[in-house]
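# Working through the structure, step by step
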Amino acid sequence: MYPLSIYGRYCCSCNRRGVIGKEGSIPWNITEDLHRFRGLTENHIVVMGRKTYESIPNAPLKKRCNIVITSVPEQYTNKPDRLIFTTMEDVQTVIEEQQCTWGNKVFVIGGEAIYKHFFSQCKDIHLTMVENMIEGDVYFPIEIADLTTKHGFVQKLGGHRVLSTTDVSTFQFLHYAK
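Heads up: these notes are all about the structure in this document. (Residues numbered from 1 in each chain as written. Predicted model: local features only at pLDDT ≥ 70, side-chain atom pairs only at ≥ 80, totals over all residues. Heavy atoms only, no water.)

### Remarks on the nonpolar core
Inside soluble globular proteins, nonpolar side chains tend to come together where they are buried. Short version of the rule: Throughout, nonpolar core names a set of buried Ala, Val, Leu, Ile, Met, Phe, Trp, Tyr and Cys residues whose side chains join them through atoms within 4.5 Å. We call a residue buried when its accessible area falls under 20% of the maximum for its residue type, exposed when it is over 50%, and partly exposed in between, using a 1.4 Å probe and counting protein chains only. Secondary structure elements are taken from DSSP: a helix is a run of H or I of four residues or more, a strand is a run of E of two residues or more, and numbering for both begins at the N terminus. The contact criterion used is simple: two residues touch if any of their non-hydrogen atoms lie within 4.5 Å.
In terms of nonpolar packing, the biggest core is built from 32 residues, with Tyr10, Ile125 and Leu127 touching the most fellow members. Of all the secondary structure elements, the ones that give two or more residues to this core are strand 1 (9-15), strand 3 (45-49), strand 4 (65-69), helix 4 (91-102), strand 6 (106-108), helix 5 (112-118), strand 7 (124-131) and strand 11 (170-177). With four residues, helix 4 is the single largest residue contributor to this core. Excluding its chain neighbours within four sequence positions, the residues that come into contact with Ile125 are Tyr10, Phe119, Leu147, Phe153, Leu174, His175 and Tyr176. Within the second largest apolar cluster, 12 residues are counted, among which are Met48, Tyr53, Phe85 and Phe107.

Below, the structure is given as structure tokens:
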């Protein structure tokens, strides 16, 4: 079991069906969501799975320490203090080493298996709820409605629904915490 302070924050966007991905990318283009994501995660550590990393255009994410979990880290090239490939078994050590440079805030940013693996330690979820019914092939592993009823989260922020300036979807920013 990992310390709560390491994996306590999630940052995610999904729709009411729980879709977080489709065919290797995010199935909407909401600039406001990307700005919020950047504002939350810049100058901090982000932890993601290999598929999430490979879906990011122009990866790694700038102004963040990108830690990518993969079963074969030796097949990738690290860029010290900015991009590190590691295994699930070694991720805690890598995070602790990077916290000297990047501070204590660590955001888990996907995908489905990574969210599921660390959910028991999650204490804070920054969620963009996209109001569309797009089908996908990657899902947030927990029903959003169950966060408050079954998992002990309290909704701290529930913004107004807003129409995206770059997509035909409406969305709202939500924040859940324990």
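Anyway, onward from the coordinates.
### As for the pairing of strand 1
Let me state the cut-off plainly: Strand pairing is assigned whenever DSSP identifies at least 2 bridges connecting the two strands.
With respect to burial, strand 1 is a largely interior element, six of its seven residues being buried. Relative to strand 6, strand 1 runs parallel, the two sharing two bridges. Among the inter-strand pairings, Tyr10 is bridged to a residue of strand 6, identified as Val108. Examined bridge by bridge, strand 1 and strand 7 share seven bridges and lie parallel to one another. Looking at strand 7, one finds that Tyr10 is bridged to Ile125.

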